[in-house]
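Observations on the three-dimensional arrangement
This is what each chain is made of:
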Amino acid sequence: MYRKIAMFGLIKKIFGTQQTRTLKKYQKLVEKINSQEKLYQNLSDTELKGKTTELKKRYQNGETLDDLLVEAYATVKNMCRRMVGTDVHVSGYEQKWDMIPYDVQLLGAIGMHNQAIAEMQTGEGKTLTAAMPLYLNALSGKPVHLVTVNDYLAKRDCEWIGSIFRHLGLSVASLTNDIHPSHRKEIYANDIVYGTASEFGFDYLRDNSMAMQKEHQCQRGHFFAIVDEIDSIMIDEARTPLIISGPTSENRQMYEELKDDVSHLVKKQRELCSKLATDARKELEALECFSEEPKKLSKQEIEQKQDAFKKIWVVSKAVPRHKILKRIRENPDLRAEMEKWELYFHNDVNKEEKQKFLSSLFIIVDEKSNEYELTDKGISACIEKGKGEEDFVMLDLGHEYALIDQNTSLSDAEKMEKKNALVKTDAFRKEKSHNLRQLFRAHLLMEKDVDYIVQDNSIVIIDENTGRPQPGRRFSDGLHQAIEAKESVKIQGETQTYATITLQNYFKMHDKLAGMTGTAITEANEFKEIYNLEVLQIPTNVPCVRTDEDDQIYMSEREKYHAILKEILKENEKGRPILIGTESVEVSEKLSRILKQNRLPHTVLNAKNHTTEAEIIAEAGNPKSITLATNMAGRGTDIKLKKNARELGGLHVIGTTRHQSRRIDRQLRGRSGRQGDKGSSVFFVSFEDSLMRLFATPRMTSLLQRFRPPEGEPVSAKMLNKSIETAQKRVEQRNYTIRKHTLEYDDVMNKQRSELYAFRNEILRSENPIEIAKDLIHEICHSMAYQFASGSHKVFEAKGYRDFLMTHFPVSFEIDEFGTDAEKAANAASEKVLSHFEKMIAFQNEVIIQLHPETKEHGKHKNVLNGIIRNLILSKVDQSWQKHLLQIDHLRSDVQLQSFAQKDPLLEFKQQAFYLFDEFSKEIRTEITMDLFRIQMALPEPQPLSKTKLSFQKDDSDKEIEGKIVSLNPKTGRNDACHCGSGKKFKKCCAET
Ligand code: ADP
Ligand code: MG
């Protein structure tokens, strides 16, 4: 029974050779570092510190970081040696420094400089390992960041490991949530910064979507980052992007109107299934199917039994977690029978019968793929309840437009009106169908107290990895609102995204990226494929002697918990510390109740406070201590054995289920057996665990039938270990596909975002935005001219072009000014518009000087105007980008509907998003250039100079500006006043002269 699991044998075979070669190469460097460090032992403290300046200089003189690696690492190692015995202030305590990097730490450090993920077990000292690549890369003077799991660790590691850098003359700081935006620039100015992923990511978003002056941008760039616990960031958090959002002016949602219809239908289906399930159970009971020794059935009885199972099958397609199903599955024979019927209906021969059964349902739920589907019956029920059938038919806009265009009886204006009405209907139908989908999802696939909790009349998400409530976070895409509707709490308004990025895309921006964690090898492929990061498995400092026992597998959850309790009692008796890992807060609370009933003192770790979390974990190594923790809780703090806990057998880890990924299991096991300590681990599994329920194979059931143990005994079939692993691999693969898919959507946005941010930064950082403004005007005049020559005949439409120019710029044109050549026309137009623009600039400069004569010296007035123009362009960019993001949000939900039309949603999304971005970039240029002519330096009625201020007007409402009414063109809603400030219409004023 006790056996070390050879789980990674295969992976080793594949990766082995490559890994060994790399490690051999690095080992040579390690030897060099060590002999260099010996030499350094003879240096004085000042001489050692002087290394930093020396190495920095050599880098500037052309040596590469690779060239400097040996000396830099030796410098760090030697500094550590000198620090031994000194006091370091960490997290409020004085600690004696006692660390000199081990050789394996040097290996990991070399790997990370070469952009690998160093896989080092818990307790191997990754925090210290990172110090070396951080120091080396910071010698370049470029920004170097270490990404931690939480604020507590950012602070701790900055104080603790940061002391090495401070001794060596480099600056280091921690970036935590409580640091005010106005102080962040100072933090980033340090050579090395410790902080969490979301702090770094949000600062990036703020720098690029909110800063109005380059001085307000706090980050210095993205050179080198090491991500601690990289699997948790890149894999577990992969589906939650960082979002800066705010309320939207446009509200499309209709959850309130639809919620009753949906819950009514769901309820109807539940009732239907409960009846089916109860009938089936009664029939099976009557046939004595639940008894230990089932009786022999007559032909008629066999038919009855078949009918019952068909009913059960129908229920499993509608309410997969029905409690009667659960009871039936507990019996291996009945479980096998259920699987038999699953196969039966899977067979094409029985397709018709399957359809007949399924059509009795309203909704079909597929728990495994986390999807559901309305049947025809379900759709008709919706229509009956709802407001008519046509709402469910999506419009083919292209086709409808063509019909309108062909209709000769309509005037142009009428056509426009009809098209507008169509767009509205289309948006309404899409929104309604989207809201319905999300409401159904909320009812069928989101479970209260598992996926979310209801707290203070609001919905709080439960993190699926940590089991922690996540107040303030919301499910995206309207799902949160749908759940609010389902639970009858206040439905929050729709919000709109101002800026967003996924953590992965944020980290991908770095010139050099590296990572470290105890668990990466099982996801090595994903890291390679998506991030181009190699996983390098670093051997442990001292061989690991932990015993990993075989899984204990039980038929039912009830038996499993009994067994866990027995295990705890047994190990607690011996005095060993025990760590119990649970999948969710719910399970840890359940176990906590069981322990209380049995008078076993214990600590539950699902706190929201990382500081206490770290303290609890630190105590978890005491003899007889029992700690209940959700999986990710306390990551980053290791469990050290206290007193005689080592002799008693070390830490015993109990897993209360196998997780959806082997990586999480390894993470938990890895808590025990650090640095050669004794220890052991065991997992308890039941066939009711979600992993087993959803992904177990029929082979397992047939094994169970043969080996069904007496109540309370574990199933001891070695083959099952393999099967569980196979199930996990399947889930891992599936989750990987989902993550990849999300990233594919995000990649589209990532390209657009980087293009826009680059444009925005160009403006932000330009000393002379007026020149950029002129370029824009020139560009618009040209691109529009070509647009008017792009019709089917390639004939230049001078009139159209003229109309465009006159509605957008305060300049008048005669039609014969243009001729028939687009290029010539564009040149003529751009010359005229630009000359008008320059006149306006000159005039505004005059105004500024009049208002603030002191600015005339050194031409400062020009800076003022440049500043105003920069502001104007930036605000327009931000506004338009937000609008664009909103459209993309809507597009994302709209394309989901395309899958019904047999189209690939991702492909549709890519095409549409590309088209929208194209439109967006045209529009934004046009709007900026228009706005440029609307700068209005107000010359107020005489009043004390100190009170006057400069302002520019970019409001669309008729508004009093500094004592003057600006007239807006009623047709275009634009400000047509002449910009010389005369208040007259432009044509009657400057443009004519
Ligand atoms: P990890 O992040 O790899 O789980 P930590 O960086 O938290 O590990 O370090 C675990 C413990 O090992 C720390 O308490 C630290 O003091 C100790 N440690 C790390 N490196 C050394 C070393 N070279 N010599 C002595 N102790 C070390
Ligand atoms: Mg760590």
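Residue indices begin from 1 for each chain and proceed along its sequence in written order. A letter from A marks each chain and a number from 1 marks each ligand, given out in the order of writing. For this predicted model, a pLDDT threshold of at least 70 governs which residues receive local features, and a threshold of 80 or more governs which side-chain atom pairs are given and counted, while totals over whole chains, interfaces and linings are taken from all residues. Based on all heavy atoms of the structure, the side-chain values leave hydrogens and waters out of the count.

Each helix is a run of H or I in the DSSP string that is no shorter than four residues. Each strand is a run of E no shorter than two, and both are numbered from the N terminus. Of regular secondary structure, the protein chain possesses 33 helices and 25 strands. Three labels apply to residues, based on accessible area from a 1.4 Å probe with only protein chains included: buried if under 20% of the type maximum, exposed if over 50%, partly exposed otherwise in between. In the protein chain, buried positions account for 53% of the 993 residues. Residues count as neighbours in contact if any of their non-hydrogen atoms are within 4.5 Å of one another. Taking all contacts inside the protein chain whose residues are at least 6 apart in sequence as the whole, residues at least 24 apart take part in 74%. When the accessible area of the protein chain is evaluated, it comes to approximately 46800 Å², of which 51% is carbon and sulfur surface. Residue-level accessible areas treat just the shown protein chains as cover; the underlying method is Shrake-Rupley with a 1.4 Å probe.

Our focus in this paragraph is the sheet that holds strand 6 (residues 192-196). What links the strands of a sheet is backbone hydrogen bonding, and the strands pair in either a parallel or an antiparallel sense. Between any two strands, at least two bridges found by DSSP are needed for them to pair. As summarised here, the arrangement of the seven strands in space is 5-6-4-7-15-3-16, forming an open sheet in which the pairing is parallel. Looking at strand neighbours, the two that pair on one side only are strand 5 (172-175) and strand 16 (534-537), the edges of this open sheet. Within the sheet, the average angular offset between the axes of one strand and its neighbour, ignoring direction, is 20°. Two elements, strand 4 (residues 144-148) and strand 7 (residues 224-228), share four bridges in a ladder whose sense is parallel. When the sheet's bridge partners are listed, Val147 is paired in strand 7 with Val227. Throughout, an axis means a line fitted to C-alpha atoms (over the contacting stretch in the case of helices), and angles, computed between N-to-C directions, take values from 0 to 180 degrees.

Strand order in this open sheet of three strands is 11-12-13, and the pairing throughout is antiparallel. Looking along the sheet, the strands with just one partner apiece sit at the ends: strand 11 (452-455) and strand 13 (469-470). Pairing of strand 11 with strand 12 (residues 458-462), which is carried by four bridges, proceeds in the antiparallel orientation. Within strand 12, the residue paired with Gln455 across the bridge is Ser458.

Once their charged atoms are close, side chains differing in charge can pair, the charge on each being opposite to the other. Just to be clear on terms, a salt bridge is a Lys or Arg side-chain nitrogen sitting within 4 Å of an Asp or Glu carboxyl oxygen. Under the defined criterion, the tally for this structure stands at 60 salt bridges. Note that Arg663 and Asp231 form a salt bridge whose closest N and O atoms lie 2.8 Å from each other. With Arg663 in helix 25 (residues 662-669) and Asp231 in helix 10 (residues 230-236), the pair connects residues that are 432 residues apart, well separated along the chain. Residues Arg663 and Asp231 agree in their burial class; the two are buried. When the shortest N-O distance is used, the salt bridge between Arg321 and Glu367 registers 2.8 Å. Residue Arg321 is located in the loop between helix 12 (299-318) and helix 13 (323-329), and its partner Glu367 is located in the loop between strand 9 (363-366) and strand 10 (371-374); the two are separated by 46 residues in the primary sequence.

Take the site of ligand 1 next. Whether a residue is near a molecule or strand depends on its heavy atoms: if one lies within 4 Å, it is near. Near ligand 1 lie 18 residues; those nearest to it are Ile100, Gly123, Lys126, Thr127 and Lys640. Think of a polar contact as two N or O atoms within 3.5 Å of one another; within protein, one of them needs to be a possible hydrogen donor and the other a possible acceptor, and neighboring residues in sequence only count if both atoms come from side chains. Within the side chain of Tyr102, a nitrogen or oxygen atom sits 3.1 Å from a nitrogen atom of ligand 1. Take Thr127: an N or O atom from its side chain is 2.3 Å from an oxygen atom of ligand 1. Protein chains shield 89% of the accessible area of ligand 1, which is 570 Å² for the free molecule. Here the nonpolar group is Ala, Val, Leu, Ile, Met, Phe, Trp, Tyr, Cys and Pro; Asp, Glu, Lys and Arg are the charged ones; every other residue, Gly included, is treated as polar. Per-class residue counts for the shell around ligand 1 are six nonpolar, six polar and six charged.

So, on to the pairing of strand 3 (residues 116-119). Neither face of strand 3 is left uncovered, since the one carrying Ala116 and Ala118 and the one carrying Ile117 and Glu119 both have all their residues buried. As paired elements, strand 3 and strand 16 share four bridges and run parallel to each other. In the sheet register, Ala118 faces strand 16, and the bridge partner there is Leu536. As paired elements, strand 3 and strand 15 (residues 512-517) share three bridges and run parallel to each other. Each residue of the ladder has a partner; that of Ile117, found in strand 15, is Gly515.

We now examine helix 4 (residues 103-113). Within helix 4, ten of the eleven residues are buried, which leaves the element mostly enclosed by the surrounding structure. Taken as a whole, helix 4 has its buried residues at Val104, Gln105, Leu106, Leu107, Gly108, Ala109, Ile110, Gly111, Met112 and His113. Trailing helix 4 by a residue or two, Gln115 shows a phi angle of about 60°, which is positive.

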